[in-house]
Amino acid sequence: QKQNNRFGSNGHDYQRTGDPMHPSCQLSEKEIHSLLAERLKCKLDRNYQKADNIQHMMWDAGVRIHDGRKQWRYDGGSFADEDGDGSSRNRQ
C-alpha cells in the first residue's frame, strides 16, 4: 500500500506527544503510524465509520488520538478532551 506523500514519510500529519511508550500499549510505533495513515485515508475518502473503528481499536490498544491538535500518545496519559472535539468517552 502506497503512503500518501502529501503527509510525509509516515503517511499522516499527526505528531507524538507525551512520555515514552507505556508497557500496556499493545501496538508498536510502526503499527501506530500505519493505522494513523490508514485512518487518514479513510477520512479523506469519507469512510468515517471505518476511520472511527480504527480510532476505537487504537484506543483499546492504549493509543490516544487528538484530531484537533493532530497529536497522538501511547504513554498511558490522556488529553483533556479525549476525542479531540471537546467530548470525552466513558471508558473503563
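So, here's what we can say about the structure. Source: prediction; values computed, not measured.

**Some remarks on the packing of aromatic side chains**
Here's step 1: Following the criterion strictly, the structure yields one aromatic pair and no others.
Here's step 2: Ring plane angle 85° and centroid distance 5.1 Å describe the contact between Trp 72 and Tyr 74, whose orientation is recorded as edge-to-face.
Here's step 3: Taking NZ or CZ as reference, Arg 64 lies 3.8 Å from the ring centre of Trp 59, over its face.
Here's step 4: Note that Arg 73 overlies the ring of Phe 79, its terminal NZ or CZ placed 5.4 Å from the centroid.

**Description of unusual backbone geometry**
Here's step 1: With a phi angle near 65°, Arg 46 is a residue other than glycine that sits in the positive phi range.
Here's step 2: Mapped onto the elements, Arg 46 comes out in the loop between helix H1 (29-44) and helix H2 (48-60).
Here's step 3: Note on Arg 46: relative accessible area 65%, which makes it exposed.
Here's step 4: In this structure, Lys 70 takes a positive phi of about 55° despite not being glycine.
Here's step 5: Summarising the element assignment, Lys 70 is placed in the loop between strand E2 (64-66) and strand E3 (71-73).
Here's step 6: On the basis of relative accessible area, Lys 70 is assigned to the partly exposed category, the value being 30%.

**Considerations on the sheet that holds E2**
Here's step 1: The three strands are arranged E1-E3-E2 in an open sheet whose pairing can be described as mixed. Strands at the two margins of the open sheet, each flanked by one partner only, are strand E1 (15-16) and E2.
Here's step 2: As defined by bridge partners, E2 adjoins E3 across three bridges and the pair is classed as antiparallel. If you follow Arg 64 over to E3, its bridge partner there is Arg 73.
Here's step 3: Packing against the sheet, H1 makes contact with E1, E2 and E3, and its axis sits at approximately 145° to E3.

What counts and how
Positions within a chain are numbered from 1, following the residues in the order the chain's sequence is written. Residues qualify for local features only when their pLDDT is at least 70, as the model is predicted, and side-chain atom pairs are given and counted only at 80 or more; totals for whole chains, interfaces and linings, by contrast, use all residues. Here the side-chain values reflect all heavy atoms present in the structure, with hydrogen atoms and water set aside. In this analysis, rings of Phe, Tyr and Trp, with Trp reduced to its six-membered ring, are considered paired at centre separations within 6.5 Å, and the interplanar angle assigns stacked below 30 degrees, edge-to-face beyond 60, and tilted for intermediate values. Charges are assigned to positions over rings by a cutoff of 6 Å between ring centre and Lys NZ or Arg CZ, combined with an angular limit of 35 degrees from the ring normal. The helix count covers DSSP runs of H or I at least four residues long, the strand count covers runs of E at least two residues long, and both are numbered beginning at the N terminus. Burial classes: relative accessible area under 20% of the type maximum marks a residue as buried, over 50% as exposed, and values in between as partly exposed (1.4 Å probe, protein chains only). We treat two strands as partners when DSSP finds at least two bridges between them. Any two residues having at least one pair of non-hydrogen atoms within 4.5 Å are treated as being in contact. In this analysis an axis means a line fitted to C-alpha atoms, helices contributing only their contacting stretch, and an angle means the value between N-to-C directions, from 0 to 180 degrees.

Shape descriptors only; they carry no functional weight alone.
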